[in-house]
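# An overview of the molecular structure
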Amino acid sequence: MKHKISVNINGKQCEGEVEGRELLVNFLREHQSLTGTHIGCDTSSCGACTIHLNGAATKSCTVLAVQADGAEVTTIEGMATNGELHPLQAGFKEEHGLQCGFCTPGMIMTAADLLKNNPNPSEHEIREALEGNICRCTGYHNIVRSIQHAAKNMNGVTA
Amino acid sequence: MLVKGNHEFNISKEMLWSYLMDPEVLAKITPGISELEPTGEDSYNTISNMKIGPVKGSFKGKLNVIDKEEPSSFAIDMEQLSKIGNAHGKISMKISDADNGSTNLAFNGDVKLSGMIARMGQRVLSGVANLIIKEVFASLETHISESTA
Amino acid sequence: MTNYIGKSVKRVEDKRFITGQGKYTDDIKIPGMVHAYILRSPYAHAHVKSIDTAEASKVPGVISIITGADIPEAIAGVPCGWQVDFKNGDTMKEPPHPLLVRKTVRHVGDGVVLVVAESKAIAKDAADMIDVDYDVLDAVADPKAAAQSGAPLVHPDAPGNLCFDWELGNPKEEVAAALAGAHHVTELDFVNQRVIPNAMETRGVVAQYDTAYDKYTIYTSTQNPHLIRLLMCAFVLGIPEHKVRVVGPDVGGGFGSKIFHYTEEALLVWASKHLNLPIKWSSDRSEAFLTDAHGRDHASNAKMGFDKDGNIVALQATTYANLGAYLSTFAPAVPTYLHGTLMQGLYTTPKVNVDVKGVFTHTNAVDAYRGAGRPEATYLLERLLDLGALEMDMDPTELRRKNFIPAFDGVEQEGYQTQVALQYDSGNYEPVLDRALEMVGYENFRKEQAAAASSNKILGIGFSTYIEACGIAPSAVVGALGARAGLFESAQVRVQPTGKVSVYTGSHSHGQGHETTFAQIVADRMGIPLDDVEIIHGDSDSVAFGMGTYGSRSLAVGGSAIVKSIDKVLEKGAKVAAHLLESSVDDLDYADGKWTVKGTDKSVSFGDVSLTAYVPHNYPEGLEPGLDFSSFYDPANFTYPFGAHVAIVEIDKETGAVKLKRFIAVDDVGNVINPMIVDGQIHGGLAQGIGQAMYEGALFDDTGQLINGSYMDYCMPRADALPSFEIDRTVTPCPHNPLGVKGAGEAGCIGSTPAVVNAVVDALWKAGYKVKDVPMPMTPERVWTAMQG
């Protein structure tokens with residue numbers, strides 16, 4: 001049986017018909033063609049599919065699409081505003097926080113949630129916050145730098 | 001996957017034996033078992049449902065009671081197939097007198113897993129299996145006290 | 001003057017990735033595309049008695065169900081790309097690797113049935129309803145056990161499960177004699193455990209057959225599209241190569257595991273024509289655990305002999321290498337020519353013998369994983385050196401210095417000829433160790449360590465001074481060693497009429513940043529802005545040819561090919577410029593994007609020359625129009641990066657838990673084009689090397705089941721498990737390629753693993769536990785157990 005859902009994605013109201021068992025990540029990727037949200041595992045372990053669900057970083061493989069009915073979702077595609085990169089996006093580029101780019105959207109979404117709740121995280125706090133996201137390329141070294149870079153810029157200090 | 005444990009019952013060896021050999025009782029007390037259909041002497045087809053962490057499946061299989069030495073030992077030889085993986089194994093049961101007139105049932109076996117249940121969460125699975133077997137015995141104890149009350 | 005080379009230019013490719021616009025294989029949608037799911041064997045070894053697809057084929061939305069019997073006999077399977085012979089000259093055993101099994105499954109995950117349906121969910125539902133009746137057989141997963149008599153056979157025509165029995169170096173008797181005469185022999189049994197590459201993007205394939213053009217297009221998450229095309233067309237499907245386009249789009253990491261030609265690629269291509277439908281297959285993570293080629297998996301014994309002063313007199317290494325059930329593309333090369341040849345290390349060891357048995361087991365294939373053979377060789381050598389130092393009560397750094405090959409630049413001094421076939425290009429080994437010790441604060445550390453020895457938290461330091469052979473590789477050399485392909489690279493530099501430059505490279509970037517590094521080379525050499533250069537890769541229809549990216553070869557081989565084409569462009573451009581300037585080519589200088597007549601201010605810009613080349617109204621007589629050159633570069637030798645890695649650990653004596661406190665790496669990768677990118681490559685390599693030492697390892701039970709086949713069960717380093725790395729470099733240019741570069745992709749992974757284990761052994765030894773080895777991954781339980789004696 002199909003269910004009608006309506007989700008506000010990146011500020012736009014999106015309608016769709018989904019199966020009850022369909023995951024939110026599937027709805028984003030297959031129904032909405034928002035392929036910036038990636039699938040890296042099948043056990044909710046890697047964080048590549050992290051999005052914001054009603055403002056909180058959430059692994060979109062742990063949420064059924066029907067559960068997102070009426071919710072607000074932000075994906076990596078919605079992070080830049082008017083062509084201006086989000087400070088985290090700029091930070092990842094500036095500090096070489098990505099290589100293959102596959103984990104990057106999830107990393108940025110997780111980091112955005114961290115900086116919202118903790119604008120001045122220590123290196124240790126950043127590393128703890130990234131515990132649910134796996135990167136296989138960078139060894140996390142430059143991801144930490146990227147988030148520090150963004151934190152400085154978001155706090156009005158030039159990095 | 002190794003399973004091992006024991007349970008004490010407040011009944012005689014002979015009584016415990018008769019309970020354990022009654023398929024209706026076994027079907028009733030085993031968690032997840034929804035069907036235990038005799039196919040011959042000491043042979044059954046089984047249908048059971050299991051959920052272990054993120055792994056959930058419906059198993060179809062065969063169960064044979066073998067190596068019977070009434071009332072002190074027997075073994076269960078089983079093969080359980082499911083879409084999430086299969087389990088093949090033999091579990092030996094030893095029934096012996098314990099202190100204070102009760103009866104001890106000790107189980108010991110090796111169950112080979114394949115498929116998804118083998119590669120996801122196997123490290124916790126033997127703990128789960130031991131728990132399930134213990135639940136069986138706890139249920140049996142409840143059943144005994146209810147039916148003898 | 002260089003504007004770009006040597007500078008940390010921010011990556012050109014980042015923009016699409018940070019905005020979610022990267023296009024990976026699973027992001028590709030083609031109108032009318034259907035989806036495939038492969039039902040795989042749950043058993044490591046079994047005969048398939050019957051397959052019942054009746055119920056499954058009734059599921060609405062199912063399009064086709066294909067078993068091994070449906071695939072034409074002529075399609076035998078995917079080939080192996082490297083032949084390694086037995087030491088007695090016999091050819092290696094090379095059993096077929098069918099696209100779907102016909103009778104016998106040989107590892108958990110062996111493909112049995114292909115289900116094609118309107119969606120992946122439907123295909124999975126239908127696969128669940130297929131009944132495969134198996135006759136389960138005994139299996140063996142461990143390479144040493146598989147080589148014992150009586151072990152279950154993986155292939156009936158490979159007795160003893162031996163694929164090859166290979167040897168390299170000095171005669172065994174000479175090595176044995178030298179060991180017998182040694183003052184001290186350090187001996188250790190090693191397990192270099194199997195690790196799983198785990199690129200974050202799982203593999204995927206989209207295949208389409210176009211009846212109008214009789215042409216196939218395949219998108220696949222690969223590190224080398226052209227090689228896939230060659231192998232698939234010529235050796236698997238027998239379809240004409242010019243009728244197949246292979247695209248490796250954005251690829252989410254590879255680390256070796258996406259070099260190889262996998263069965264799913266050929267299977268999907270075949271099925272796309274068979275069904276006349278575009279088909280997508282994307283691997284689940286749990287499927288990836290069972291089907292991506294794994295890495296390492298060596299069981300070794302090694303003996304290193306020293307004289308009374310600590311000089312190494314001989315090395316004997318004996319290894320059982322697990323190859324898995326089928327030979328993956330480069331599998332035989334990894335434990336032999338990429339492993340045995342590295343046993344000289346940085347040392348002057350006069351006698352070296354390496355004996356390797358390649359063994360089939362009922363597990364999925366083992367092939368190149370970041371470093372590929374070189375980490376295993378380095379692990380063995382560097383563990384023996386640190387342990388030898390402990391046993392002889394010498395300082396491990398002094399022991400190394402005594403044995404280092406003296407500096408040679410490969411120009412004034414000849415390259416260094418090893419006992420194990422290779423000739424090193426250039427090296428200067430003491431400075432990397434010196435710099436690392438300086439960064440560590442070695443003397444102070446030893447004091448701190450002594451002070452902590454009696455406390456609950458003990459400290460240890462471990463060293464690894466490694467060398468690797470990369471920039472793979474001179475075709476004639478690898479051909480003589482059994483490679484069935486050349487390992488050159490191609491590059492085309494196409495100057496557009498307006499002076500903008502498109503560069504087509506056969507290298508493939510899956511995180512390495514070629515779009516930036518290669519553009520830096522082009523922009524600098526041509527004196528044009530970086531923005532005027534675009535790097536195109538990964539598409540066999542646009543790039544002439546390519547051998548792909550692995551073995552830290554892209555810059556040394558692919559970059560050199562680009563330089564050759566740039567030189568040709570500038571040479572022809574000079575002829576056009578000379579004509580326009582009414583001068584001769586010899587009188588021209590080229591700098592900052594213009595040709596100038598020497599000693600004058602008369603000049604013509606690169607853009608004017610390129611426009612003239614395409615609008616040749618006023619043009620040199622006899623010269624072809626256009627400005628577009630292709631080159632193939634075949635390297636003269638491997639390149640030999642080296643470095644010194646140092647790990648500092650703290651061990652909780654009560655729990656055995658190891659904390660990696662610091663990691664210092666000083667690498668020499670030759671000249672550096674983009675320091676930021678090189679640093680990033682080192683960081684990533686370190687994380688994987690440290691991961692093997694501390695966290696990772698595939699576990700099989702005695703029936704051949706992988707028992708940690710998910711991200712819940714297979715432990716990889718997460719952000720909170722690693723420190724920030726302390727890295728630096730020295731520069732010893734490569735003498736035989738035009739850029740002087742050596743390669744950086746694997747260095748971090750090759751050097752780091754033994755340093756961490758050495759640090760743990762050092763901590764234990766100095767605190768009074770005479771522990772020679774802690775098996776990897778060094779979990780708290782294993783460390784604690786080792787401490788109990």
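These figures come from a predicted structure and were not determined experimentally.

### Quick look at the nonpolar core
- In this structure, A:Ile147 and C:Phe663 are the most contacted members of the largest nonpolar core, which totals 213 residues.
- In terms of residue count, helix α18 (residues 747-766) of chain C provides more of this core than any other element does, 11 residues in total.
- What C:Phe663 contacts, discounting residues up to four positions off in sequence, is C:His645, C:Val646, C:Ala647, C:Leu686, C:Ile690, C:Pro723, C:Phe725, C:Glu726, C:Ser752, C:Ala755 and C:Val756.
- One finds C:Val493, C:Val503, C:Val533 and C:Leu627 within the second-largest nonpolar core, a separate group that totals 44 residues.

### Some points on the domain arrangement of chain C
Residue and element names in this part refer to chain C.
- Split by domain assignment, chain C resolves into domain 1 (27-137 + 200-253 + 258-291), domain 2 (295-473 + 637-787) and domain 3 (488-633).
- The gap between the C-alpha centroids of domain 1 and domain 2 is 36 Å.
- Tallying the contact residues gives 34 residues for domain 1 and 27 residues for domain 2.
- With both chains or domains summed, domain 1 and domain 2 bury close to 2,500 Å², and 69% of this area falls on carbon and sulfur atoms.
- Taken as a group, Trp-82, Phe-260 and Phe-289 account for 27% of the area that domain 1 buries against domain 2, more than any other trio of residues on that side.
- The interface formed by domain 1 and domain 2 contains one salt bridge.
- When the shortest N-O distance is used, the salt bridge between Lys-87 and Asp-355 registers 2.5 Å.
- Where domain 1 touches domain 2, the interface holds eight residue pairs in polar contact (both at pLDDT 80 or more).
- Listed by contribution, the elements that provide at least two residues to the side of domain 1 that touches domain 2 are α6 (225-237) and α8 (285-291).
- If one sorts the elements of the side of domain 1 that touches domain 2 by residue count, α8 sits on top with five residues.
- Split by residue class, the side of domain 1 that touches domain 2 holds 20 nonpolar, eight polar and six charged.

### Notes on the packing of aromatic side chains
Residues and elements named next belong to chain C.
- Counted according to the given criterion, the structure contains 28 aromatic pairs over all chains.
- Arranged with centres 6.4 Å apart and planes meeting at 50 degrees, the rings of Phe-638 and Tyr-640 form a pair that is tilted. Of the two residues, Phe-638 and Tyr-640, both sit in the buried class.
- An aromatic cluster of at least three residues, connected via ring pairs, comprises Tyr-347, Phe-404, Phe-408, Tyr-416, Tyr-424, Tyr-429, Phe-638, Tyr-640 and Phe-642.
- Positioned above the aromatic ring of Tyr-262 is the side chain of Arg-203, whose terminal nitrogen or guanidinium carbon lies 3.6 Å from the ring centre.
- The residue whose ring lies beneath Arg-553 is Tyr-550, and the NZ or CZ to ring-centre distance is 5.2 Å.

### Describing the interface of chain A and chain C
- Each side of the interface is counted separately: chain A has 46 residues, and chain C has 50 residues.
- Summed over both partners, the interface of chain A with chain C comes to about 4,200 Å²; 53% of that surface belongs to carbon and sulfur atoms.
- The tally of links between chain A and chain C comes to five salt bridges.
- Close ionic contact of C:Asp125 with A:Arg21 constitutes a salt bridge, the shortest N to O distance being 2.8 Å.

The rules behind these values
- Residues numbered from 1 in each chain as written.
- Chains lettered and ligands numbered in written order.
- Predicted model: local features only at pLDDT ≥ 70, side-chain atom pairs only at ≥ 80, totals over all residues.
- Heavy atoms only, no water.
- Core = buried A, V, L, I, M, F, W, Y, C linked by side-chain atoms within 4.5 Å.
- Buried < 20%, exposed > 50% of the residue type's maximum accessible area, 1.4 Å probe, protein only.
- Helix = DSSP H or I, 4+ residues; strand = E, 2+ residues; numbered from the N terminus.
- Contact = heavy atoms within 4.5 Å.
- Domains from an automatic or database assignment.
- Buried area = accessible area lost by both parts, 1.4 Å probe.
- Salt bridge = Lys/Arg side-chain N within 4 Å of Asp/Glu carboxyl O.
- Polar contact = N/O pair within 3.5 Å; in protein donor to acceptor, adjacent residues only side chain to side chain.
- Nonpolar A, V, L, I, M, F, W, Y, C, P; charged D, E, K, R; others polar.
- Phe/Tyr/Trp six-rings, centres within 6.5 Å; stacked < 30°, edge-to-face > 60°.
- Lys NZ or Arg CZ within 6 Å of the ring centre and 35° of its normal.

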